[in-house]
Amino acid sequence: VDDVTASMSEDSQAMAFERCCRALLLAYPAAYRAERADEMLGTLLATNPGKAWPMPRDICALLLGGLRTRSDQNRRLATLTNLRLAGLLGCSLYLTTVAATYVSQGLWSQYPWQPPAAVALSWVAAVSPFLAGRRVAVALSALAVVADFTCFKYWEGDNRQQLVATVVPLLLLLMLLSRGATRPPRHWLWLPGLVVGTTVLAQLLATPPTPYVSQPVGLWAVHTPLAIVLIAVAVLWTAIDARIAVGVAAAYFGVQFLTTFQPADELVARVPGASQALLLQVHHGVAQHLEIIAAPAPQTWFAASPMDWRLTWGFGWEWLAPAVPLALLALWRVRRQAVL
Amino acid sequence: MDKPVIPMREPTYFVLASLLQGPLHGYAIIKRAEELSGGRVRLATGTLYTALDRLTAEGYVTLVSEEVVAGRIRRSYGLTDGGSAALRAEAQRMAEAARLVTDSEPVPRSVRLGRKARPA
């Protein structure tokens, strides 16, 4: 009777162990689980005989392994390839930010040389490396450059900096596309999606400050708890895949340069009915999520206050000082990813 | 042209080394790597399979056989020619680095630290 009881107890323990492992294996993508879960479970049972729970190091390795597999980190790519993919992500995020700002702030009435179709084409070109083949992506990027130049010339626009701010990332996109065939993972598309989503949210929540509230309200009100969660996710994600941090940082640098060309006063003058505080808030909506995603990468913790300051006074480059060592750190992480 | 030498972490090195004598399944690789490294490399299951994915994508390791044991699939992995060459290249690199130290004559402390010996 004792033997039967002991055997039943062992069986129930093994079942509990298997249930726990299967829950941990959910960290892996479904297709990967279908292929490997049974094999991994067999190995886990063999390495943890008679245990009800896997060892902590097994739990950590399964969670990290699952997330690495989800971010395509279970295959080795050379450092240059990783940087190229990060650059493609950066271009995509930057051009998405430009397009989202253009739509949300009604900039088509301010920049007639850049009709919505040209902006839309730039954006489609920016997300095409994720979805289409290299030839299609190259053709779309080239078309977007031609469209921007043609429209600029036709409308005799006077803001050459705006043209540069759109065309340079498109040319960079073309250059990166010509450097290799490895396509960035499709699941990165949630990042441009987040840019669009946050911009819409910022626009919806944007309310001018009242005489009783000196700070702009809206996105700020929900920002702190959201920021804590996102920063935690960003820190974990950078440990897994630093390419995203590098890409986001590149896009953020681009947005910073763009706003340097566009001091706050000039923006206020150009956007009818906009108060500086309202504009500041919308700008935060667009740029701040980039800081949050890029948490351990450049500029995140340091850039926020200089950015406020620059938007108020119209200049400021000091954010570069803390950004450089942090950028080097992110690049070092990408280099580590290339080690077998 | 020679394939460039890829930097290799210690766990990867011992996973490849464990397959030198023939194909092994996951659990056997973990045990063999631990044994070969004198207990230093204790691979967790998640780490092992991430390493196997990378090594398979790199063409260093290949799936050799599949069998069903106690209702579960068990796969055995073997070392490819490329994997064997990469392992030997890494071993040679480490041996050359080790020889720098092991082949050098012991140097007096005063020379190592750049201090002049005091006159007796």
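Below is a summary of the structure that appears in this document. Nothing here was measured: the structure is a model prediction, and the numbers come from that model.

## With respect to the layout of surface pockets
Working step 1: Its boundaries defined by the atoms lining it, the largest pocket holds a volume of some 430 Å³.
Working step 2: What lines the largest pocket is a set of 21 residues, among which Arg68 of chain A together with Arg9, Thr47, Thr50 and Arg54 of chain B lie closest to the centre.
Working step 3: In terms of residue class, the lining of the largest pocket is built from nine nonpolar, seven polar and five charged.

## Points about the pairing of strand 3 (residues 72-79) of chain B
Working step 1: Pairing between strand 1 (residues 24-25) of chain B and strand 3 of chain B: two bridges, direction antiparallel. In the sheet register, His25 of chain B faces strand 3 of chain B, and the bridge partner there is Ser76 of chain B.

## Observations regarding the sheet that holds strand 1 of chain B
As a general point, the strands of a sheet are linked pairwise by backbone hydrogen bonds and lie either parallel or antiparallel.
Residue and element names in this part refer to chain B.
Working step 1: With antiparallel pairing, three strands are arranged side by side in an open sheet as 1-3-2. Two strands bound the open sheet, and with one partner strand each, they are strand 1 and strand 2 (61-69).
Working step 2: In terms of strand pairing, strand 2 meets strand 3 through eight bridges, oriented antiparallel. Residue pairing across strands places Ser65 opposite Ser76, the latter belonging to strand 3.

## Describing the nonpolar core
Working step 1: In terms of nonpolar packing, the biggest core is built from 35 residues, with Leu89, Leu93, Tyr94, Leu170, Leu173 and Ile244 of chain A touching the most fellow members.
Working step 2: If you list the elements that add at least two residues to this core, you get helix 4 (79-104), helix 5 (116-131), helix 6 (134-155), helix 7 (160-178), helix 8 (190-205), helix 9 (219-240) and helix 10 (242-261) of chain A.
Working step 3: Setting aside residues up to four positions removed in sequence, Leu170 of chain A forms contacts with Leu95, Ser122, Ala125, Ser141, Ala144, Val145 and Asp148 of chain A.
Working step 4: Within the second largest apolar cluster, 34 residues are counted, among which are Cys20, Leu25 and Leu62 of chain A together with Tyr49 of chain B.

## A short note on the packing of aromatic side chains
Working step 1: Applying the stated criterion to the full structure yields two aromatic pairs over all chains.
Working step 2: Ring plane angle 10° and centroid distance 5.1 Å describe the contact between Tyr28 of chain A and Tyr32 of chain A, whose orientation is recorded as stacked.

## As for the interface of chain A and chain B
Accessible area lost when the parts come together is the quantity often used to give the size of an interface.
Working step 1: Between chain A and chain B, the contact holds 29 residues from the first and 26 residues from the second.
Working step 2: Between chain A and chain B, roughly 2,600 Å² of surface is buried when both sides are summed, and carbon and sulfur atoms account for 49% of that area.
Working step 3: The largest per-residue losses of area from chain A upon contact with chain B belong to Glu39, Arg57 and Leu340 of chain A, which jointly make up 29% of the total buried on that side.
Working step 4: On inspection of chain A and its partner chain B, the count reaches four salt bridges.
Working step 5: The shortest N-O distance in the salt bridge between Arg72 of chain B and Glu18 of chain A comes to 2.8 Å.
Working step 6: Our count for the contact surface shared by chain A and chain B stands at 11 residue pairs in polar contact (both at pLDDT 80 or more).
Working step 7: If you list the elements that add at least two residues to the side of chain A that touches chain B, you get helix 2 (30-47), helix 3 (56-70) and helix 14 (320-337) of chain A.
Working step 8: Element by element, the count of residues in the side of chain A that touches chain B is highest for helix 2 of chain A, at 13 residues.
Working step 9: Residues of the side of chain A that touches chain B, tallied by class, amount to 12 nonpolar, seven polar and 10 charged.

Parameters at a glance
- Residues numbered from 1 in each chain as written.
- Chains lettered and ligands numbered in written order.
- Predicted model: local features only at pLDDT ≥ 70, side-chain atom pairs only at ≥ 80, totals over all residues.
- Heavy atoms only, no water.
- 1 Å grid on protein atoms, 1.4 Å probe; cavity = no way out; pocket = protein on both sides within 12 Å on 5 of 7 lines; lining within 4 Å.
- Points joined across faces, edges and corners; volume = space filled by probe spheres on them.
- Nonpolar A, V, L, I, M, F, W, Y, C, P; charged D, E, K, R; others polar.
- Pairing = 2+ DSSP bridges.
- Helix = DSSP H or I, 4+ residues; strand = E, 2+ residues; numbered from the N terminus.
- Core = buried A, V, L, I, M, F, W, Y, C linked by side-chain atoms within 4.5 Å.
- Buried < 20%, exposed > 50% of the residue type's maximum accessible area, 1.4 Å probe, protein only.
- Contact = heavy atoms within 4.5 Å.
- Phe/Tyr/Trp six-rings, centres within 6.5 Å; stacked < 30°, edge-to-face > 60°.
- Buried area = accessible area lost by both parts, 1.4 Å probe.
- Salt bridge = Lys/Arg side-chain N within 4 Å of Asp/Glu carboxyl O.
- Polar contact = N/O pair within 3.5 Å; in protein donor to acceptor, adjacent residues only side chain to side chain.

The quantities given are spatial measurements derived from coordinates; they are silent on function.
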